[in-house]
Amino acid sequence: MNSKSEIELIQKEFDEVCKRYDQLRHQSIQGNLSTKMAYEQCAPSLEIKRHNTKQYLTKLIEKDPKLDEYYLQNAKKSLQEFVEGIRNAESKIHNARIMPPFLY
């Protein structure tokens, strides 16, 4: 069986990653057109990863004893994919070059 502390640790990490995601979204929207476009390319996959992680955590907290290990492993995997997605998006957005005015 899962320890409650392990689930809480995953939930805490998920909350921190969600804060990073919200900050990234806020910075990108207020940035120039290049950063907005880079964010818009990354946003759909980040939302899917966020949703999947949240769904597995919800199922894990609901405590279906037969599927505890399944949901725990999938929550960890999904969270790791979300973290990697955030890192990739941050890299793309920070490396976005300002577009010349004639390309607007």
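Above: the structure in question.
Residues numbered from 1 in each chain as written. Predicted model: local features only at pLDDT ≥ 70, side-chain atom pairs only at ≥ 80, totals over all residues. Heavy atoms only, no water.

Asks: Describe helix α1 (residues 4–30), with residues and values.
Replies: In a regular helix each residue adds 1.5 Å, so 27 residues correspond to 39 Å; α1 covers 39 Å between its end C-alpha atoms and thus fits that length. Restricting attention to buried positions, one finds in α1 the residues I7, I10, F14, V17, C18, Y21, L24 and S28. (Helix = DSSP H or I, 4+ residues; strand = E, 2+ residues; numbered from the N terminus. Expected span 1.5 Å × (residues − 1). Buried < 20%, exposed > 50% of the residue type's maximum accessible area, 1.4 Å probe, protein only.)

Asks: Account for the packing of α1 against helix α2 (residues 33–62), naming residues and giving values.
Replies: Running from N to C, α1 and α2 point in directions that differ by 160 degrees, and their axes come no closer than 11 Å. Judged by the inter-axis angle, α1 sits roughly antiparallel to α2. As α1 packs across α2, the resulting crossing turns out to be left-handed. Residues I7, I10, Q11, F14, C18, Y21, D22, R25, S28 and I29 of α1 form the contact with α2, whose own contacting residues are T35, K36, Y39, A43, L46, E47, R50, T53, K54, L57, L60 and I61. Of the residues belonging to the contact of α1 with α2, the class tally is 12 nonpolar, 4 polar and 6 charged. (Axes fitted to C-alpha atoms, helices over the stretch in contact; angles between N-to-C directions. Parallel < 35°, antiparallel > 145°, perpendicular 65-115°, else oblique. Left-handed = near helix turned anticlockwise from the far one by under 90°. Contact = heavy atoms within 4.5 Å. Nonpolar A, V, L, I, M, F, W, Y, C, P; charged D, E, K, R; others polar.)

Asks: Quick one: what's the story with the environment of I48, residue by residue and with numbers?
Replies: By secondary structure assignment, the location of I48 is in helix α2. Considered as a pair, I48 and S78 are 30 residues apart in the sequence and their alpha carbons are 9.9 Å apart.

Asks: Provide a residue-level description of the nonpolar core, including the pertinent values.
Replies: Residues F14, V17, Y21, L46, L79, F82 and I86 are the most contacted members of the largest nonpolar core, which totals 23 residues. Among the elements that take part in this core, helix α3 (residues 68–94) stands out by supplying 9 residues, more than any other. Apart from residues no more than four positions distant in its own chain, I86 is found in contact with V17, R20, Y21, L24 and L46. (Core = buried A, V, L, I, M, F, W, Y, C linked by side-chain atoms within 4.5 Å.)

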